[in-house]
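Fold and contact review
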There are 4 protein chains.
Amino acid sequence: MNELVAKGKKRLDWARDHMPVIENVKQEVSENGYLDGKNVSMALHVEAKTGILALSLREVGANVKMASCNPLSTDDSVAEALREEYGMDVHAKRGQTDEEYYENLTNTLKHAPNVVIDDGGDLISLIHIEREDLIDGIAGGAEETTTGVVRLRAMEKEGTLRFPVMSVNDALMKHLFDNRYGTGQSTMDGIMSATNLQISGKNFLVVGYGWCGRGIAMRAKGMGASVMVSEVDPVKAVEARMDGFEVLPTKKGIEKADFVVTVTGCKDAVGEEAIRKSKDGCVLANSGHFDNEISKEKLNQFSKSKRKVREDIMEYTMEDGRTLYLLSEGRLVNLAAGQGHPAEIMDMSFALQMMSAEYVLKNEGLEPKVHSIPREIDEKVASLKLESEDIEVDKLTEEQKRYIENWKEGT
Amino acid sequence: MNELVAKGKKRLDWARDHMPVIENVKQEVSENGYLDGKNVSMALHVEAKTGILALSLREVGANVKMASCNPLSTDDSVAEALREEYGMDVHAKRGQTDEEYYENLTNTLKHAPNVVIDDGGDLISLIHIEREDLIDGIAGGAEETTTGVVRLRAMEKEGTLRFPVMSVNDALMKHLFDNRYGTGQSTMDGIMSATNLQISGKNFLVVGYGWCGRGIAMRAKGMGASVMVSEVDPVKAVEARMDGFEVLPTKKGIEKADFVVTVTGCKDAVGEEAIRKSKDGCVLANSGHFDNEISKEKLNQFSKSKRKVREDIMEYTMEDGRTLYLLSEGRLVNLAAGQGHPAEIMDMSFALQMMSAEYVLKNEGLEPKVHSIPREIDEKVASLKLESEDIEVDKLTEEQKRYIENWKEGT
Amino acid sequence: MNELVAKGKKRLDWARDHMPVIENVKQEVSENGYLDGKNVSMALHVEAKTGILALSLREVGANVKMASCNPLSTDDSVAEALREEYGMDVHAKRGQTDEEYYENLTNTLKHAPNVVIDDGGDLISLIHIEREDLIDGIAGGAEETTTGVVRLRAMEKEGTLRFPVMSVNDALMKHLFDNRYGTGQSTMDGIMSATNLQISGKNFLVVGYGWCGRGIAMRAKGMGASVMVSEVDPVKAVEARMDGFEVLPTKKGIEKADFVVTVTGCKDAVGEEAIRKSKDGCVLANSGHFDNEISKEKLNQFSKSKRKVREDIMEYTMEDGRTLYLLSEGRLVNLAAGQGHPAEIMDMSFALQMMSAEYVLKNEGLEPKVHSIPREIDEKVASLKLESEDIEVDKLTEEQKRYIENWKEGT
Amino acid sequence: MNELVAKGKKRLDWARDHMPVIENVKQEVSENGYLDGKNVSMALHVEAKTGILALSLREVGANVKMASCNPLSTDDSVAEALREEYGMDVHAKRGQTDEEYYENLTNTLKHAPNVVIDDGGDLISLIHIEREDLIDGIAGGAEETTTGVVRLRAMEKEGTLRFPVMSVNDALMKHLFDNRYGTGQSTMDGIMSATNLQISGKNFLVVGYGWCGRGIAMRAKGMGASVMVSEVDPVKAVEARMDGFEVLPTKKGIEKADFVVTVTGCKDAVGEEAIRKSKDGCVLANSGHFDNEISKEKLNQFSKSKRKVREDIMEYTMEDGRTLYLLSEGRLVNLAAGQGHPAEIMDMSFALQMMSAEYVLKNEGLEPKVHSIPREIDEKVASLKLESEDIEVDKLTEEQKRYIENWKEGT
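Residues numbered from 1 in each chain as written. Chains lettered and ligands numbered in written order. Predicted model: local features only at pLDDT ≥ 70, side-chain atom pairs only at ≥ 80, totals over all residues. Heavy atoms only, no water.

Turning next to the confidence of the model for chain A. A residue-level look at chain A finds 99% of positions with pLDDT of 70 or above and a mean pLDDT of 95. Among the scores for the predicted complex, ipTM is 0.93 and pTM is 0.94. (pLDDT = per-residue confidence, 0-100.)

Next comes the structure, spelled out in structure tokens:
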């Protein structure tokens, strides 16, 4: 076994050891048999945890082809270990070109999938644009992330979505945990690894206060930063304020920010005006799905030079002499400069993925729209998680259940 | 002006000075005219903030009759000031008997209401049981709290709800703020006022991790306690654990708890087993709507004596020698031992109440079920709140709006 | 027993039940006998916890006379209960004039004390200025608070201090806990009780980042505020910044502060410039020992009117139309609007007081200067505290002790 | 320039850009001239920030020889860049044997130092044991860390310390920041990098609640863990409890700990009993100076096999089947698995180092004992730090200064 493969294998083993929920779900899915012999095409960040999902799907009988959902997020050691040690069909390489990226997505479709697992919506989008021939064979899909769900809902609204897609992202056990605690921790980890700079005593601007933004703000505060939040949604803005953060427009926050993290799902969250006004020495990072939240175009336009000053840091010297630091080319900093979400978090998300894949097969003929994960699946995953940690919950007595059903008993 | 009235008037003035959102909403509601000349029956905790809601409703033209929604939560100074200084028809007294309580509720119905504003569901329940004659005249109602909404949904499910009720509690601007930050702060305030005990370095058990429970746990932690959480819902249990709290069954948590707060919406949350096992010296408090979350029946049954040791503390000496302290007879500790939610929080909740009252009149003929507050009302209240604090938010550009609508642009 | 006495007695009982450390210390001090038959003059805030100290001193054989150390901090129910129920010689009344205040201090000296227990330094100062005749009979004193110690050190430096004084404030078990966790909690409690305003989502300025300031800042953050800190000491300023707070001059912070708390031990911490610039609607509170930290002179000078809007709130309408709210006339807000520090905190401080009183008697002839509390006393109090809560600590093995003593064993 | 050198040079540049305080101090030290032409021997973790200290000392005229103070903490890229690009005399290599380690320490003494800068006390100890001939030429030393200071005090007590040593560790600007915020952040960073495991929702045991332990506990809590603390000092134990942590003996805490970090300065903090009782799957890390805080001897003794499962993780399979994970062979996890303290923190510590080196030269003939850093040096560093971040502090007026000096003005 070469060194890269050995490293990748260890990472897979380590992940598997910390993913008891999917292990448990696997046994049940295997018994049910819905995935047996089915073809699954996956586009996820190729690293240890998704590797375990792919292997688990194969272990319950599915044929799996896998590509990366982001040109810069592949862990090559894991990709190689999956290919060499497990004979998995993996089409991914860190730092691939856009052309290679789409070629790899296309490669996962060769076996004509019955189920499509996507993260960000590129694979499902590709099928609808270029491979409509496959649609009839697809029982359904599952989408992992906010950005992908936003795209799918736009397709649904437009009437162009042609098979059902489970919105894994909207499951409680996904967005409450993966987006909040996973992104929160891994973003801080990525920034600290990339910069080795002090967080406490710094001004930290979080652009976007969705579940991911809440997680990042919470952890930045937990590491001792003074946290500011920018939002477009007034309800979330009030929430951020009540959570103890200063709330202000991006262009104002950036004037005093030592760190900025975008996590909006929208392009140009840090655009021209923000770039013009940002504090000297500011570190810019993105944890949103695409690398367009911080405008690299504007960074290039208003800088007179740039150079790589650390492995994951590009230093831009602006025309007016200010220095800005962009982490990981504006791609997901937690994956590109860190190791992605912890295994225990992905364990829950990928248990949902596996149960979603089973659900679309079991309930074939669902409407071609974005479907919520049924409450039972959420509760199942939650219960397995608690069980894996030996945590007990209270049980309602019969009398309490009756009480809750009964509207007449008052004061 | 006698002393009590003077005190109540000052409290009303102070509240009004800190409720800019409802002030702003009032102007618009007044211009629209839907509430003009309408009869409103209200059952809310009678204190300064609800007093401002009542006065505001009158200021836009409604005829208001008001009672308390809880026998122990009335601020007599405010009740008296509303009657004496403002001529408001208020039927409430702190420490009323159950009989007086229902008599007072009934009194608010004398003018045959067009709109009913309720908190906990007793008034709406009373109408359905005893005053069906009024139902035809009622355009709709609005319910303030989780407990009430649970009861109304039980009625809806049973098919017995006969007029539409706006679920103010389910509005984002209500439960995200009132339940979480309001209950969180006022519960801690009530406990500290009642006991003058140290919170930091103590074990603090929160029973129930809904929005209120989250708020209490957050604030208890913020005051330095070691916080434990009990839940029946596995999803919430995982969330509490990820928030850094120990999660365990009530009967286990109470063995080491110095403070217990119930906020479940269910009776006997602290029942026989918990009472038998609770730590010596444990302080028991409730912030749920009804006083049945901590079983007083069981406290009495297993104690050999009880005596009042401070204004809001009943000391129970158990048969086995342990001492337990029950705050405010198990009624809402934040209202009974404290002053209730801060004005700025109720400002948002009551702006929703006023807009809900207008909504049922404006959209007469809504189905007889529990209705969600429309997103526009939430956003309106949020925007007014931000405006009142001079907080600016970002605005999406046209290009960004297009981007969000467009599913084709990916990696 | 009249109502006031009954209330005070209950408060004393409640405090005693939550002060196990002093109970334990009392037994040992009693056995040693040093305090037996000695005269003790005390000037402390007269409330339940100091009442227990006074009673405990008497229980070990001392003759105790007690006055208040602040005109506005006496709990009259406790003072009355101490007099009526326990026959204690207490000279204190809430709201006394300055003349009465000093008369009461003088009254405690009638029996010619052997030991003086002071809080703020007024009593010791009085003895040195007006009652030098008593000095020969005084074995020593003990001072409770930062302000008093600062004054005593000034006396020592000047060469005018004529008997030894134990600096209880400098004991670890005092300032780490009483100043930080005690003041932190009781200040928030006082502000919430006085105002019933929301803390979360507000700007909160803490002026002074000593142990008290650290505690207040920590708790204000814990209640959800955005906290700012002003300091004169650069080391503390860096610490406040690293703790995640914005650090800026008082006059800048107050421009955006919703709440200001002074805790500097210095006068005019909020002086003319700050008052001129403070935000409209700002709430001003003091937790420092004297009522001169917020300049009432300047508030009066720059306001056109003032009126009491709640029991503990004076509203100043400034010449330029802004409104400022001063809590409790600028006196210690935690005592004047709250109930003072929790009993468990004072338990440790007063155990130190009792052991300090014993120490000056046991070691008669100490130099007339400010003395630190010996480390053994701190450890004794800490160990008793842990014992009272059933907390175990690790013990060094003999081998580990040797290792720590041995400098030769390195890498 | 080869790749390793290029990487090291970039790390040095990056550090220098974030160390404005030492840059500023350097100018003044250079003007004073005390270090000009003097020989300095240094034993510090060789990485980017210490590299900047070494270069700065050379820039003010000193001749510098440098070795590592720990066999596993050297950043080879920086060591190589210092040698190749800057011609610095650096004797250090990651993963050196104990023999090489001491040989390298000895190499730094070749030029007969005038000043010795040490971290952990190995170099000063070596001089006293093996190179007493050098002592007469040494004006003094400076020690960086708690462990070293403990050893030096043991030498002082024993009467064997033969030149003055400045206790940089005891400076406020050192231990309040470096130990607390530096160790806090870098330990979490090291653990997350090494394991990619979730911190939130886990039990995290911190053994030792000195400044480092406080920092780690604070950050582990900030990342969402349930934190427990073990201590031998009762005062610190009470403090940990009041800070909201569960306090219990190591052997009890480890039964439920998912992560354990030792930071005690003592050997066998996790010894036989703890290892026997630790939870299955527990991750063991050390942030104390030496690698003897977690007993590797006992881990080997009670395990049946071990294997490397990730780059910085050794998996021990215990005889009873439990799995334990030891990070970085029990050496400082923040340096061995992370990148050490952030530059901004070391900036303050190393400004103190430089001023201490100057101090022993300027005040030649200091007593041969452990000396505290003068308050002026602390304030100087603090003021420069504030200046570098554009933070203003308040200034006392003349009147306020007089007030503080004057003990007569009371109530």
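A separate point is the relation of the copies chain C and chain A. Screw-axis analysis of chain C against chain A gives a translation of 0.0 Å along the axis, an RMSD of 0.0 Å, and a rotation angle of 180°. The transformation just described matches what one would write down for a two-fold rotation axis. Across chain C, the rotation axis passes nearest the C-alpha of S226(C), at a separation of 4.4 Å. Taken together, the interface assignments show that 100% of the residues at the interface of chain C recur at the interface of chain A, consistent with an identical surface on both copies. (Least-squares fit on C-alpha atoms with pLDDT ≥ 70 in both. Contact = heavy atoms within 4.5 Å.)

Now for the interface of chain B and chain A. At the junction of the two partners, chain B supplies 73 residues and chain A supplies 73 residues. Taken over both partners, the interface formed by chain B and chain A buries close to 6100 Å², and the fraction arising from carbon and sulfur atoms is 60%. Inspection of the region where chain B meets chain A yields 10 salt bridges. Note that R180(B) and E239(A) form a salt bridge whose closest N and O atoms lie 2.7 Å from each other. (Buried area = accessible area lost by both parts, 1.4 Å probe. Salt bridge = Lys/Arg side-chain N within 4 Å of Asp/Glu carboxyl O.)

To continue, consider the sheet that holds strand β1 (residues 39-43) of chain B. All names here are of chain B. Here we have 7 strands laid out as an open sheet, ordered β3-β2-β1-β4-β5-β6-β15, and parallel in their pairing. The open sheet terminates on both sides in strands that have one partner only, identified here as β3 (89-91) and β15 (370-371). The sheet contact formed by β1 and strand β4 (residues 115-118) spans 4 bridges and is parallel. Residue pairing across strands places S41 opposite V116, the latter belonging to β4. (Pairing = 2+ DSSP bridges. Helix = DSSP H or I, 4+ residues; strand = E, 2+ residues; numbered from the N terminus.)

Below, the discussion takes up the packing of helix α2 (residues 20-32) of chain D against helix α15 (residues 343-362) of chain D. Residues and elements named next belong to chain D. Contact geometry of α2 with α15 gives a least axis separation of 8 Å together with a crossing angle of 15°. Between α2 and α15, the angle falls in the class roughly parallel. In terms of crossing hand, the pair formed by α2 and α15 is left-handed. Across the interface between the two elements, P20, V21, I22, V25, K26, V29 and N32 of α2 pack against D347, F350, A351, M354, M355 and E358 of α15. (Axes fitted to C-alpha atoms, helices over the stretch in contact; angles between N-to-C directions. Parallel < 35°, antiparallel > 145°, perpendicular 65-115°, else oblique. Left-handed = near helix turned anticlockwise from the far one by under 90°.)

A word on the interface of chain C and chain A. In this complex, chain C contributes 15 residues to the contact, which on the side of chain A involves 15 residues. For the pair chain C and chain A, the summed buried area comes to about 970 Å², and 36% of that belongs to carbon and sulfur atoms. Contact with chain A buries surface across chain C, with G201(C), R241(C) and M242(C) losing the most and accounting together for 44% of the total. At the junction of chain C with chain A, the criterion picks out 0 salt bridges. At the junction of chain C with chain A, the criterion picks out 8 residue pairs in polar contact (both at pLDDT 80 or more). Looking at the side of chain C that touches chain A, its residues break down into 3 nonpolar, 7 polar and 5 charged. (Polar contact = N/O pair within 3.5 Å; in protein donor to acceptor, adjacent residues only side chain to side chain. Nonpolar A, V, L, I, M, F, W, Y, C, P; charged D, E, K, R; others polar.)

Turning next to the relation of the copies chain B and chain A. Superposing chain B onto chain A takes a rotation of 180° combined with a translation of 0.0 Å along the rotation axis, leaving an RMSD of 0.1 Å. The residues that chain B uses at the interface reappear at the interface of chain A in 100% of cases, marking a shared surface.

Before going further, it helps to spend a moment on helix α1 (residues 3-17) of chain D. For α1(D), spanning 15 residues, the distance from its first C-alpha to its last is 21 Å, which sits close to the expected 21 Å at 1.5 Å a residue. Of the residues flanking the start of α1(D), the one acting as N-cap is N2(D), its side-chain oxygen 2.9 Å from the backbone nitrogen of L4(D). (Expected span 1.5 Å × (residues − 1).)

This part takes up the pairing of strand β5 (residues 140-143) of chain B. Residue and element names in this part refer to chain B. Burial along β5 is two-sided: the face carrying G140 and A142 and the face carrying G141 and E143 are both buried. Taken together, β4, helix α6 (residues 122-130) and β5 form a β-α-β motif whose crossover is right-handed. Of the pairings in the sheet, the one linking β5 to strand β6 (residues 165-167) comprises 3 bridges and is parallel in character. Looking at β6, one finds that E143 is bridged to S167. A crossover links β5 with its parallel partner β6, the connecting element being helix α7 (residues 146-158), and its sense is right-handed. (Buried < 20%, exposed > 50% of the residue type's maximum accessible area, 1.4 Å probe, protein only. Right-handed = clockwise from strand over helix to strand, strands pointing away.)

So, on to the domain arrangement of chain A. Residues and elements named next belong to chain A. Taken domain by domain, chain A comprises domain 1 (3-174 + 341-388) and domain 2 (182-336). A separation of 29 Å is found between the C-alpha centroids of domain 1 and domain 2. With 17 residues of domain 1 at the interface, the matching set in domain 2 holds 14 residues. Around 1200 Å² of area is buried between domain 1 and domain 2 when both sides are counted, 60% of it from carbon and sulfur atoms. (Domains from an automatic or database assignment.)

On to the sheet that holds strand β2 (residues 63-67) of chain A. Residue and element names in this part refer to chain A. A sheet is described by the order of its strands in space; here 7 strands give the open sequence β3-β2-β1-β4-β5-β6-β15, paired in parallel fashion. Every interior strand has two partners, whereas the edge strands, β3 (89-91) and β15 (370-371), have only one. Alignment of strand β4 (residues 115-118) against strand β5 (residues 140-143), held across 4 bridges, turns out to be parallel. What sits directly across from I117, in β5, is A142. Relative to the sheet, helix α3 (residues 48-59) contacts β1 (39-43), β2 and β4, its axis offset from that of β2 by approximately 160°.

On to the pattern of salt bridges. One pass over the structure, following the stated rule, counts 142 salt bridges over all chains. With its nearest N and O atoms 3.3 Å apart, the salt bridge here joins E272(B) to R276(B). Pair noted here: E272(B) and R276(B) are both in helix α12 (residues 272-277), with a separation of 4 residues, about one helical turn. The exposure class assigned to R276(B) is partly exposed, which follows from its relative accessible area of 47%. One salt bridge in this structure joins D178(C) and K174(C), with 3.9 Å as the shortest N-O distance. Of this pair, D178(C) and K174(C) both sit in helix α8 (residues 172-195), 4 residues apart, which is roughly one turn of that helix. In terms of burial, D178(C) and K174(C) fall into one category: buried.

Unlike most non-glycine residues, D390(B) shows phi in positive territory, near 55°. Mapped onto the elements of the fold, D390(B) is located in the loop between α16 (375-388) and α17 (398-405). With a phi close to 50°, S328(C) is a non-glycine residue in the positive phi region. Along the chain, S328(C) falls in the loop between β14 (323-327) and α14 (333-336).

Residue and element names in this part refer to chain A. With respect to the secondary-structure elements, S278 resides in the loop between α12 (272-277) and β11 (282-286). Spatially, the C-alpha atom of S278 lies 24 Å from that of G222, the residues being 56 residues apart in sequence. When residues no more than four places from it in sequence are discounted, the contact partners of S278 are I254, R322 and L324.

The next point concerns the environment of R180(D). Within the fold, R180(D) resides in helix α8 (residues 172-195). A relative accessible area of 8% places R180(D) in the buried class. With sequence-adjacent residues up to four places away left out, R180(D) is seen in contact with E239(C), D243(C), H175(D), W211(D), G215(D) and M218(D).

Residues and elements named next belong to chain A. Counting across every chain of the model gives 20 aromatic pairs over all chains. Judged by centre distance (6.1 Å) and plane angle (70°), the rings of Y209 and F245 are edge-to-face. Placement of Y209 in the loop between β7 (203-207) and α9 (211-222) and of F245 in the loop between α10 (234-242) and β9 (246-247) is noted, with a sequence separation of 36 residues between them. The exposure class assigned to Y209 is buried, which follows from its relative accessible area of 2%. Take F245: its relative accessible area is 4%, and that puts it in the buried class. Over the ring of W211 we find R214, and its NZ or CZ is 4.4 Å from the ring centre. (Phe/Tyr/Trp six-rings, centres within 6.5 Å; stacked < 30°, edge-to-face > 60°. Lys NZ or Arg CZ within 6 Å of the ring centre and 35° of its normal.)

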